Amino acid sequence: QVRLVESGGGLVQAGGSLRLSCTASGTTYVMGWFRQAPGKEREFVSAFRWAGGLTDYGDSAKGRFTISGDSAKKTVYLQMNSLKFEDTAVYYCGSLQKGWGFRRRTDVYDYWGQGTQVTVSS
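Residues numbered from 1 in each chain as written. Predicted model: local features only at pLDDT ≥ 70, side-chain atom pairs only at ≥ 80, totals over all residues. Heavy atoms only, no water.

Our next topic: the pairing of strand β3 (residues 18–24). A regular strand places its side chains so that they alternate between the two faces of the sheet. Most of β3 sits out of view: 5 of its 7 residues are buried. Note that strand β1 (residues 4–7) and β3 share 4 bridges and pair antiparallel. Paired with S7 across the strands is S21, a residue of β3. Here 6 bridges tie β3 to strand β8 (residues 75–80), and the two strands are oriented antiparallel to one another. Opposite L18, over in β8, you have M80 as the bridge partner. (Buried < 20%, exposed > 50% of the residue type's maximum accessible area, 1.4 Å probe, protein only. Helix = DSSP H or I, 4+ residues; strand = E, 2+ residues; numbered from the N terminus. Pairing = 2+ DSSP bridges.)

The structure is reproduced here in structure tokens:
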């Protein structure tokens, strides 16, 4: 059992920045960020693999968001810049024990955090 705790959400104006954090209670293989806006499906945002520091970004995140990890703290960060109104959502951190190739699929993640709300005002 791995517990994930997210933090860093909040209210920000369009064009602003936020940094989300996700801390794991145990060993993880891949950590991913997803988001879900009201009435929409959960959407892949970014993923990070501890081994080798591999990263991946969804189309909405490319060029604006950066994912990174601190192994000593078992924490993954999502730096979000140039935020837009459409980035408003609950952001969830997930832990995946399967291979890197599954990183974009919400149905295979083993553990999820409670979510953190990001609201971007226009």
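Back to the write-up after that little detour.
Moving on, we come to the state of the cysteines. As used here, a disulfide is simply a covalent bond connecting the sulfur atoms of two cysteines. Applying the stated rule across the entire model yields 1 disulfide. Here C22 connects covalently by a disulfide to C93, the sulfurs 2.0 Å from one another. Sign of the S-S torsion, about -80° for the bond between C22 and C93, identifies this disulfide as left-handed. With C22 in strand β3 and C93 in strand β9 (residues 89–96), the pair connects residues that are 71 residues apart, well separated along the chain. (Disulfide = S-S within 2.5 Å.)

With respect to the element layout, R19 can be found in strand β3. In this structure the C-alpha to C-alpha distance between R19 and I67, which are 48 residues apart in sequence, comes to 9.6 Å. With near-sequence residues (within four places) excluded, R19 lies in contact with S7, G8, Y77, L78 and Q79. (Contact = heavy atoms within 4.5 Å.)

Summed over the entire model, instances satisfying the criterion amount to 7 salt bridges. A salt bridge links R35 to D87; the nearest nitrogen and oxygen atoms lie 2.8 Å apart. Of this pair, R35 sits in strand β4 (residues 30–36) while D87 is found in the loop between β8 and β9, placing the two residues 52 residues apart along the sequence. Residues R35 and D87 agree in their burial class; the two are buried. As a salt-bridge pair, D56 and R104 come within 2.7 Å of each other at their nearest N and O atoms. A residue pair is termed long-range when its members are at least 10 positions apart, and D56 in strand β6 (residues 54–57) and R104 in the loop between β9 and β10 (111–112) qualify at 48 residues. With relative accessibility at 43%, the residue R104 sits in the partly exposed group. (Salt bridge = Lys/Arg side-chain N within 4 Å of Asp/Glu carboxyl O.)

So, about unusual backbone geometry. Look at K74: it is not a glycine, yet its phi comes out positive at around 50°. On the secondary structure map, K74 appears in the loop between β7 (65–70) and β8. Under the relative-accessibility criterion, K74 is labelled partly exposed at 34%. At S82, a residue that is not glycine, the phi angle is positive and equals roughly 50°. Topologically, S82 is positioned in the loop between β8 and β9.

Functional significance is not addressed by these values, which are geometric in nature.
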